[in-house]
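# Structural characterization, general
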Amino acid sequence: MPKLIRFERAASPRSWGVFVAAVLVVALSGCGLIVGDGPSVADAGQVSAESPRSITGHDTAVLASGDIEAITEDPQPQLPVEFTGLDDVSVTVTDTSRILALDGTGSLASIVFGLGFGPNVVGRDLTTGFDSAKDLPLVMTNHTLNAESILELNPTLVLTDYSVGPYDVQMQIRNAGIPVIFFNPADDMESIPRLIGDVATALGVPDLGAQYVADFERRLDDTLARIKAVVPQAEEDKVRMVFLYMRGRAGVYHLFGNNPDGTRGAAGVIIETLGGIDVAGEEDWVSGALTAEGLMRLEPDLYLMLTLGLESVGGVEGLMTIPGLPLTPAGERQRVVDMSDYEMFTWGPRTPEVLTALAESIYHVDLSKVDPA
C-alpha cells in the first residue's frame, strides 16, 4: 500500500507565494513613479563615523558558492507515496526520474537539488538560476508556465505552488496524467524546515529530509549568531533600510512595506533578520507605488534592491535621477545593496548563504571571521 501523507491547508491565504505573485503583477503593471503624501517619521539624527549607517557606496551581495551542495548524491526514494497537497488532491508518486520543480522563487528546485535529485530535474522556472540548473530548458514565458514546453519534457512528477501559473496550465498537465503536487510555500525562515520536509516526503525520502532539515537549521543558527554579533546594539546605530522594486523599462517604481493585512512583508522580514530597521514597515507603509515625498520622510540609510531592477534603471547613477531618491541619507551616500533576482527571496536551503552575503555587504565584514559566541 502507498504511504498516505496529508498536507494541511494553510489557515491564512498570506504566503510567500502570494508575495511573489504580487511582485510579478507589479512587474507587468507598468505603474509609474508618483509624488504624494507618505508616512512621517522622526528625524534620523546625526550618524557617527563608526556606525554602519555611515558606510557609503554600492555593494552587490554575492553568494560564496553559485551552486547547491546536495546532502547526498544517491537518494533512494521509497515509492509509491501518496501525498495530499494544498489543493486537497491526493497524488500518487510512483516515479521521480523526470522532475519539474516550478515556483516563483526557485525554492522548490533548490530543495530538490539539495536532496540529491538534481540529475533527475529536466527543466526550470525563471527563478531557478543556480549553476547546476541554469542550463536546463526553460518552461516559462514572461512569468507564465508554457504547457507545450512542459509536456515536451515528459516529466514524471511536477512540484509547484500557486506563485506561478496560470492554474489552467497546471491542471492541463495533471489532466495529461502527470502527477502535479501543490505545496504550501515557506513564508518565513521558521517554515523552511516544514517545506523541506514536505518535499522530501513527496519524493519518498522523509528520513533524508529530516537530515537535510537538521543541516539547514545548524547552518541557519550559525549564520544568525554571526549576524547578531555584528549588528549594533544601540537602536540609533542600526541601519534604516527600504526595499525598492523597480523595472525601469516598464515604468515600475515600487517601495515594499507591510502586506495589506498589516503583517510584515517579506522584504521587512529579511531586513529585520539582518538587524536593520524596516522603516517602511514600521511606519505602516503598505507595499505599493513609490512616492518621492514619502521616501524622503522615511530617511533610509540604505536601498535594498534586486540586481535586474537596479540594472533596469541604469545602475546607481540612473537610480539617483529618480525624484526623491538622491535626497535621503541613502541617496546622499549612494548607499545601495543589490542581490540577484534568483537568490534574494529564495526561502529554502540557501537562505543562510543569502543572509550571509547580504550581511557582509551591508556591514562590510567577513562573517566567517566573526565569533558567533
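Look a little higher up for the structure.
The following refers to the structure shown.

Moving on, we come to the pattern of salt bridges. Note that side chains of opposite charge can pair when their charged atoms are close. In this structure the tally under the stated criterion is 14 salt bridges. The residue Arg-219 makes a salt bridge to Asp-215 at a minimum N-O spacing of 3.0 Å. With Arg-219 and Asp-215 both in helix H6 (residues 206–230), this residue pair falls 4 residues apart, about one helical turn. We classify Arg-219 as buried; its relative accessible area is 15%. A salt bridge links Glu-235 to Lys-238; its shortest N-O distance comes to 3.6 Å. For Glu-235, a relative accessible area of 46% corresponds to the partly exposed category. Salt bridges linked by common partners bring Asp-215, Arg-218, Arg-219 and Glu-353 together as one network.

Next up on the list: the pairing of strand S11 (residues 252–256). Most of S11 sits inside the fold, with 5 of its 5 residues counted as buried. Side chains of S11 alternate between two faces, with Val-252, His-254 and Phe-256 and Tyr-253 and Leu-255 buried alike. Pairing geometry for strand S10 (residues 240–247) and S11, over 5 bridges, is antiparallel. Pairing of Tyr-245 across the sheet is with His-254, part of S11. In this structure, the hairpin formed by S10 and S11 is closed by a connection of 4 residues, where Gly-251 is found at a positive phi of approximately 70°. The pairing of S11 with strand S13 (residues 288–289) spans 2 bridges and is classified as antiparallel. Along S13, the bridge assignment pairs Leu-255 with Gly-288.

Here we come to the sheet that holds strand S5 (residues 99–102). With parallel pairing, the 3 strands of this open sheet are ordered in space as S5-S8-S9. Lying at the two open borders of the sheet, with one neighbouring strand each, are S5 and strand S9 (180–182). Mean inter-strand twist for the sheet, computed between neighbouring axes without regard to direction, equals 15°.

Counting residues in hydrophobic clusters, the biggest one holds 68 residues, and the most contacted among them are Val-199, Leu-203 and Leu-358. Apart from the residues lying within four places of it in its own chain, the contact partners of Leu-203 are Pro-77, Leu-79, Thr-96, Ile-99, Val-112, Leu-115, Phe-117, Leu-157 and Leu-159. Core analysis: the second largest hydrophobic core is formed by 23 residues, Leu-244, Ala-280, Met-305 and Val-313 among them.

The end-to-end C-alpha distance of helix H13 (residues 351–363), which contains 13 residues, comes to 18 Å, matching closely the 18 Å that a straight helix rising 1.5 Å per residue would cover. For H13, the tally of buried residues reaches 10 of 13 residues, placing the bulk of the element in the interior. Restricting attention to buried positions, one finds in H13 the residues Thr-351, Pro-352, Val-354, Leu-355, Ala-357, Leu-358, Ala-359, Ser-361, Ile-362 and Tyr-363. Looking one or two residues past H13, His-364 carries a phi angle of roughly 55°, positive in sign.

With that settled, consider unusual backbone geometry. Put simply, Leu-79 and Pro-80 share a cis peptide bond, and its omega is 5°. Residue position: Pro-80 is located in the loop between strand S2 (58–61) and strand S3 (81–84). Residues Gly-165 and Pro-166 are joined by a peptide bond in cis, for which omega reads 10°. As for its position among the elements, Pro-166 is in the loop between strand S8 (157–160) and helix H4 (167–175). Despite not being glycine, Asp-284 shows a phi value in the positive range, around 60°. Within the secondary structure, Asp-284 is located in the loop between helix H8 (279–282) and S13. For Asp-284, a relative accessible area of 59% puts it in the exposed group.

Reading the values: the criteria
- Residues numbered from 1 in each chain as written.
- Predicted model: local features only at pLDDT ≥ 70, side-chain atom pairs only at ≥ 80, totals over all residues.
- Heavy atoms only, no water.
- Salt bridge = Lys/Arg side-chain N within 4 Å of Asp/Glu carboxyl O.
- Helix = DSSP H or I, 4+ residues; strand = E, 2+ residues; numbered from the N terminus.
- Buried < 20%, exposed > 50% of the residue type's maximum accessible area, 1.4 Å probe, protein only.
- Pairing = 2+ DSSP bridges.
- Axes fitted to C-alpha atoms, helices over the stretch in contact; angles between N-to-C directions.
- Core = buried A, V, L, I, M, F, W, Y, C linked by side-chain atoms within 4.5 Å.
- Contact = heavy atoms within 4.5 Å.
- Expected span 1.5 Å × (residues − 1).

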